[in-house]
Amino acid sequence: MESESFYGVTLSEKEPIAQFDVPEIPEEYIVHSHKLIIKQISLGPEAKSGEFNVVQAETNVNDDGEKKTVKIPIAVLKVGETRSLRPNVEFPNGSVTFKLVQGTGPVYVCGKAEMNLGEYDDGQMYEEYSDDEDDSELEPEDECSPQTNGKSNKKK
């Protein structure tokens, strides 16, 4: 089962930090994948002229089995130059913190959160299925004729 939801936050001088956390999932479901996709970052109409507004994303990544925090600017906006960006940046499998590191905003960050849920772990389902089968059923029969791609093997 796939699930999508809208995600949107406003970053400003008063509230320069916003956190996206993976939502709580009922125990009977297995999360196959989840990600946050940022589709648009825009300056509000009240943004100050001549001021740069820089939005930074902070997330954790696994690097050779070691968790590391990555901080990287994902948008630099300025009235009269760039008021809106469509970055289409994805953050898979984890929480993300957005921070207005320069400027007073307001800056609007919006996108969607996607989750792929299942009732069972695929590996567990495969093991259960393969345990039920008899290996002799999977061996080719001696009496089978070779595959002919729809042509007859009979000689005329």
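Here is what the cut-offs are and how they apply
- Residues numbered from 1 in each chain as written.
- Predicted model: local features only at pLDDT ≥ 70, side-chain atom pairs only at ≥ 80, totals over all residues.
- Heavy atoms only, no water.
- UniProt positions renumbered as here; feature names shortened; annotations may be inferred.
- pLDDT = per-residue confidence, 0-100.
- Helix = DSSP H or I, 4+ residues; strand = E, 2+ residues; numbered from the N terminus.
- Salt bridge = Lys/Arg side-chain N within 4 Å of Asp/Glu carboxyl O.
- Patch = residues over 30% accessible without salt bridge, like charges linked within 9 Å, V, L, I, M, F, W, Y side chains within 5 Å.
- Areas by Shrake-Rupley, 256 points an atom, 1.4 Å probe, with all protein chains shown as cover.
- Buried < 20%, exposed > 50% of the residue type's maximum accessible area, 1.4 Å probe, protein only.
- Pairing = 2+ DSSP bridges.
- Axes fitted to C-alpha atoms, helices over the stretch in contact; angles between N-to-C directions.
- 1 Å grid on protein atoms, 1.4 Å probe; cavity = no way out; pocket = protein on both sides within 12 Å on 5 of 7 lines; lining within 4 Å.
- Points joined across faces, edges and corners; volume = space filled by probe spheres on them.
- Nonpolar A, V, L, I, M, F, W, Y, C, P; charged D, E, K, R; others polar.
- Core = buried A, V, L, I, M, F, W, Y, C linked by side-chain atoms within 4.5 Å.
- Contact = heavy atoms within 4.5 Å.

In the nomenclature of an unreviewed UniProt entry, the chain corresponds to Nucleoplasmin-like protein from the organism Drosophila hydei. The UniProt entry for the chain carries the following comment under Subcellular location (unreviewed entry): "Nucleus". Taken directly from UniProt, the Sequence similarities (unreviewed entry) text for the chain runs: "Belongs to the nucleoplasmin family."

1. Describing the confidence of the model for the chain
Here the chain averages 79 in pLDDT, while 67% of its residues score no lower than 70. No element of the chain has a lower mean pLDDT than helix H2 (residues 135–138), which averages 52, and none a higher one than strand S8 (residues 96–102), which averages 96.

2. Points about the pattern of salt bridges
Counting across every chain of the model gives 4 salt bridges. Glu-114 serves as the salt-bridge partner of Lys-112, at 3.1 Å between the closest nitrogen and oxygen. Within this structure, Glu-4, Lys-112 and Glu-114 form a network of salt bridges that share partners.

3. As for a nonpolar patch on the surface
A cluster of nonpolar residues, Val-61, Val-70 and Ile-72, forms a patch on the protein surface that exposes about 210 Å² of accessible area. Summarising the element assignment, Val-61 is placed in strand S4 (residues 52–63). Since its relative accessible area comes to 35%, Val-61 is described here as partly exposed.

4. Things to note about the sheet that holds strand S2 (residues 17–20)
Here we have 4 strands laid out as an open sheet, ordered S2-S8-S4-S5, and antiparallel in their pairing. The open sheet has two free edges, formed respectively by S2 and strand S5 (66–78), since each of these has just one partner strand. Strand-to-strand twist across the sheet, computed as the mean angle between neighbouring axes with direction ignored, equals 25 degrees.

5. Re the layout of surface pockets
Approximately 210 Å³ is the volume attributed to the largest pocket. Together, Thr-59, Asn-60, Val-61, Asn-62, Lys-67, Glu-90, Phe-91, Pro-92, Asn-93, Gly-94 and Ser-95 line the largest pocket. Taken together, the elements giving at least two residues each to the lining of the largest pocket come down to S4 and strand S7 (89–92). Take the lining of the largest pocket: its biggest share by element is 4 residues, from S4. By residue class, the composition of the lining of the largest pocket is 3 nonpolar, 6 polar and 2 charged.

6. Focus: the nonpolar core
Where a protein is soluble and globular, its nonpolar side chains tend to be buried together. Of all hydrophobic cores here, the largest spans 23 residues; its most connected members are Ile-41, Phe-98 and Val-107. Only strand S1 (2–11), S2, strand S3 (30–43), S4, S5, S8 and strand S9 (107–118) provide two or more residues apiece to this core.

7. Looking at the environment of Ser-12
Turning to its location among the elements, Ser-12 is positioned in the loop between S1 and S2. Assessed through its relative accessible area of 19%, Ser-12 is described here as buried. The contacts of Ser-12, once residues within four sequence positions are left out, are Leu-100 and Thr-104.

8. Let's talk about the pairing of S8
Note that S2 and S8 share 4 bridges and pair antiparallel. Counted as the bridge partner of Phe-20 is Val-96 from S8. As paired elements, S4 and S8 share 6 bridges and run antiparallel to each other. Paired with Val-55 across the two strands is Leu-100, which belongs to S8.

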